[in-house]
Amino acid sequence: MAANWSELNHDLLVEIAKRIKLVDDFIAFGGVCKSWRSAADLKNYMFKYNHMPQLLLAPSKESSCQREFYNISKGVSRQVCLPEANDKKILSSKGWLLTIDRNWDISLLHPYKSVQIELPNIRSFEDWNNGISHNIMRAFFIEKFVLSTSPLEEEDYTVMVIYGRTRKLAYFKPRYKAWITLRPTCSKVTMFSDIFYYNKKFYVVDLYGRIMVCDFSGENRNPSVVAEMPSIDLYGGIIPNELVRGDVLEELYLTVVSDEVLWVISRRGVYRRPIEPGSDVYIYGTYDFQVFEVKLLSSSSSSSWTEIKDLENKSIFVGHNSTFFKASHISGCKPNCIYFADDFIESYFFRSIEGENPEGGGRDMGIYNIEDGSIIPHFKGKSVDFLSPPMWVELGFD
């Protein structure tokens, strides 16, 4: 008999894992130790598809090896042993994590398997050291990370990121030795905000509301404009009175519904609003979302933009992860809602209004109902780590 649980025979662990039916039990099983995690295989589980995403929280102070995955529909957390994520910057896409260590080495990590894939170092990016302090390189260098598909499903996968102070676009494919920077075909200044992969194409939106497509089926992969936001004052509307003294922050997210229809999500919040004039104590937080349906017509100038209040019973998940949506029939998923996590990294350096959390960040999270504009919390605790802000991790990708 094994001296301890971690030394159980691998084949026996696999047989045990195959009999697990609940996702929370699966996460708990894979969180025991590395050998148990390696025995888990998502393809054996009934919840492979269409399961509620988990909220990956910051490491606890007691042990940074243990990470919490929070099930918001049940209000419970499960511990997973992730030593490969220790003291690393983390982002999420399609069930995988992108990690950056102190030496700026980048890897793909599957949180439920013993699979880690090395990617080119930060130094292989074009203009990698332009305008960013070495001390905060890990936290700020990569803003967004998106996978085309799981590396375990397809060998010719693509990783695309938004990086650097000027928020450029770059991608990596297996056997590349460096990251390849993409250059928009338009001459206008671009600072990218979000990426979405759909049907062999990467759709991207910049901070000015321009939508571009990178078509990887052809030779020219540089992004070309397919839609431009008309004269819509995204900063307009009514700002709550208690926020008028603050600075309004807007972030744009993107999802693709079909070949002709996209959704652009505008998230508006306040940051660095002093609790009282002259105070160095600030509050921040999201107070509103807008969703625009974009229909791609024959030319970018004639594209149709319409604000919508119906997400077709879907729910959108935004944050420090690749943006995605889920159907409302998933257990615990509220229809026509936007689930948001705190992805404003700068806020982690602010002081909070309560004084409990000197960094300030990690608490701007909730569920926004697009029909009535209400916001309710989905996690009432705090998750504070500027290297690993709270983020959504999809289940069902292997």
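It should be noted that the structure appears before, not after, this text.
This is a predicted model, so every value here is computed, not measured.

1. What about the overall build of the chain?
- Looking only at helices and strands, the chain has 4 helices and 25 strands in total.
- Entry remark: accessible area of the chain is about 17,700 Å², with carbon and sulfur atoms responsible for 48%.

2. Quick notes on a nonpolar patch on the surface
- On the surface, Val189, Leu207 and Tyr208 cluster together into a nonpolar patch covering about 280 Å² of accessible area.
- Along the chain, Tyr208 falls in the loop between β13 (201–206) and β14 (210–215).

3. Observations regarding the environment of Asp105
- Relative to the helices and strands, Asp105 is located in the loop between β5 (96–100) and β6 (106–110).
- Note: C-alpha distance between Asp105 and Pro120 (15 residues apart in sequence) is 7.0 Å.
- Ignoring anything within four residues of it in the chain, the contact list for Asp105 reads Thr99, Ile100 and Asn121.
- Engagement of the side chain of Asp105 in a polar contact is seen with the side chain of Asn121, the distance being 2.7 Å.

4. Some thoughts on the side chain of Ser150
- Mapping Ser150 onto the fold places it in the loop between β8 (142–147) and β9 (159–163).
- Within polar-contact distance, the side chain of Ser150 engages the side chain of Trp96 at 3.2 Å.

5. Things to note about the pairing of strand β10 (residues 168–172)
- The element β10 is extensively covered by neighbouring structure, given that 4 of its 5 residues are classed as buried.
- Linking two consecutive strands that pair antiparallel, namely β9 and β10, is a turn of 4 residues; a positive phi of about 80° is found at Gly164 within it.
- Where β10 meets strand β11 (residues 180–182), 3 bridges bridge the pair, whose relative direction is antiparallel. Bridged to Ala170 within β11 is Thr181.

6. Overview of the state of the cysteines
- Considering all chains together, one arrives at 0 disulfides under this definition.
- No disulfide involves Cys337; its sulfur sits 8.1 Å from that of Cys333, the nearest cysteine.
- Cys337 gets classed as buried once you look at its relative accessible area, which sits at 4%.

7. Focus: the environment of Ser92
- Mapped onto the fold, Ser92 is located in strand β4 (residues 89–93).
- On the basis of relative accessible area, Ser92 is assigned to the buried category, the value being 2%.
- C-alpha of Ser92 to C-alpha of Thr323: the two residues are 231 residues apart in sequence and 9.6 Å apart in space.

8. Describing the pattern of salt bridges
- Applying the stated criterion across every chain, the model contains 16 salt bridges.
- A salt bridge links Arg167 to Glu143; its shortest N-O distance comes to 3.9 Å. Here Arg167, found in the loop between β9 and β10, pairs with Glu143, found in strand β8; they are 24 residues apart in sequence, far enough to count as distant.
- Judged by relative accessible area, Arg167 falls into the buried class, the value being 11%.
- In this structure, Asp156 engages Lys173 in a salt bridge whose closest nitrogen and oxygen atoms are separated by 3.2 Å. Of this pair, Asp156 sits in the loop between β8 and β9 while Lys173 is found in the loop between β10 and β11, placing the two residues 17 residues apart along the sequence.
- In this structure Asp156 comes out as partly exposed when scored by relative accessible area, which is 41%.
- If you follow the salt bridges from partner to partner, you end up with Glu126, Asp127, Lys168 and Arg183 in one network.

9. Digging into the pairing of strand β23 (residues 366–369)
- Burial along β23 is two-sided: the residues Gly366 and Tyr368 and Ile367 and Asn369 are all buried.
- The pairing of strand β22 (residues 337–340) with β23 spans 4 bridges and is antiparallel. By the bridge assignment, Cys337 is partnered in β23 with Asn369.
- Strand direction decides the pairing type here: β23 and strand β24 (residues 375–376), joined by 2 bridges, are antiparallel. Its bridge partner being in β24, Ile367 is matched across the sheet by Ile376.
- Taken together, β23 and the strand that follows it, β24, pair antiparallel across an intervening segment of 5 residues, in which Gly373 is found at a positive phi of about 75°.

Reading the values: the criteria
- Within every chain, residues take consecutive numbers counted from 1 along the sequence as written.
- In keeping with the model being predicted, local features are shown solely for residues with a pLDDT of at least 70 and side-chain atom pairs are shown and tallied solely at 80 or more, while totals for entire chains, interfaces and linings include all residues.
- Only hydrogens and water are removed before side-chain values are computed, so all heavy atoms of the structure are retained for them.
- Think of it this way: any DSSP run of H or I at least four residues long counts as a helix, any run of E at least two long counts as a strand, and we number them from the N terminus.
- Accessible surface area values rest on a Shrake-Rupley calculation with a 1.4 Å probe, where residue burial reflects the displayed protein chains alone.
- Patches here are clusters of residues that have more than 30% relative accessible area and form no salt bridge, with a 9 Å joining cutoff for like charges and a 5 Å cutoff for nonpolar side chains (Val, Leu, Ile, Met, Phe, Trp, Tyr).
- We define a salt bridge as a contact between a side-chain nitrogen of Lys or Arg and a carboxyl oxygen of Asp or Glu at a distance within 4 Å.
- Two residues qualify as a contact provided that any one of their heavy atoms is within 4.5 Å of a heavy atom in the partner residue.
- For the purposes of these results, a polar contact is taken to be a pair of N or O atoms within 3.5 Å, where, inside protein, one atom must be able to donate a hydrogen and its partner to accept one; residues adjacent in sequence count only when each atom of the pair is a side-chain atom.
- Exposed residues in this analysis have more than 50% of their type's maximum accessible area, buried residues have under 20%, and partly exposed residues fall in between, with area computed by a 1.4 Å probe over protein chains only.
- Only strands that DSSP links by at least two bridges are regarded as paired with each other.
- Pairs of cysteine sulfur atoms within 2.5 Å are identified as disulfides in what follows.

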